[in-house]
Amino acid sequence: AQRVTQPEKLLSVFKGAPVELKCNYSYSGSPELFWYVQYSRQRLQLLLRHISRESIKGFTADLNKGETSFHLKKPFAQEEDSAMYYCALLTGGGNKLTFGTGTQLKVEL
Amino acid sequence: NAGVTQTPKFQVLKTGQSMTLQCAQDMNHNSMYWYRQDPGMGLRLIYYSASEGTTDKGEVPNGYNVSRLNKREFSLRLESAAPSQTSVYFCASSGGTSGGYNEQFFGPGTRLTVL
């Protein structure tokens, strides 16, 4: 069965420190993974997808099939990065997503 | 464009009452989804509609029904609300066309409390 695991409920870092939000997945097929973000009082929105291999707001994520991981990284955290981050796995037809439990990132000054 | 809209924003129900959560999108998307968000559980798919006229169960469908009224609207009904259905409910839509993933766009959410 498909599963997305985000082991940290809360991650607190200081401004300027590196950030790594962990995501591991379990899926029998070829995985397509995404990071969604929910800023305070805003809607959940797509941050990035592994296929694009792009950097959004300084964040990158590399799919590691050997370790079944898709960790989200940023070299220098900013205060505006504080948000809830969800890792998601595309599963089945209809563009269905399986979400992880989310990690609340708090960037402290 | 308003994107994905949901009504109501907040609702308090008593156990056993029924209600319908409304969702509409103006992006001409084919697919629509209902999720619930609970602390420590993330977002879980309740029902989805891959295209107008079709609906399918997601991960946690028990206690809910849905209607894809037309391409724009996808409603979620609680026939007999239970305290376990206290949650934040999100509607989403995506292009859903063939060939590759289409980003899901989310509504603002409905915060439901069942007493």
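Residues numbered from 1 in each chain as written. Chains lettered and ligands numbered in written order. Predicted model: local features only at pLDDT ≥ 70, side-chain atom pairs only at ≥ 80, totals over all residues. Heavy atoms only, no water.

Asks: Summarise the sheet that holds strand β7 (residues 64-68) of chain B; cite the residues concerned and give the values.
Replies: All names here are of chain B. The strand order across the open sheet formed by four strands is β1-β3-β8-β7, and the pairing between neighbours is antiparallel. Each having just a single partner strand, β1 (4-7) and β7 make up the two edges of the open sheet. The sheet shows a mean angle of 20 degrees between the axes of neighbouring strands, direction not considered. Here strand β3 (residues 19-25) runs beside strand β8 (residues 74-78); their pairing, made up of three bridges, is antiparallel. Counted as the bridge partner of Thr20 is Arg77 from β8. (Pairing = 2+ DSSP bridges. Helix = DSSP H or I, 4+ residues; strand = E, 2+ residues; numbered from the N terminus. Axes fitted to C-alpha atoms, helices over the stretch in contact; angles between N-to-C directions.)

Asks: Explain the sheet that holds strand β7 (residues 60-61) of chain A to me, and be specific about the residues and the numbers.
Replies: Residue and element names in this part refer to chain A. Ordered in space as β3-β8-β7, the three strands form an open sheet in which the pairing is antiparallel. At either margin of the open sheet sits one strand with a lone partner, and together these are β3 (19-21) and β7. In this structure, β7 lies alongside strand β8 (residues 72-74), joined through two bridges in antiparallel fashion. In the sheet register, Ala61 faces β8, and the bridge partner there is Leu72.

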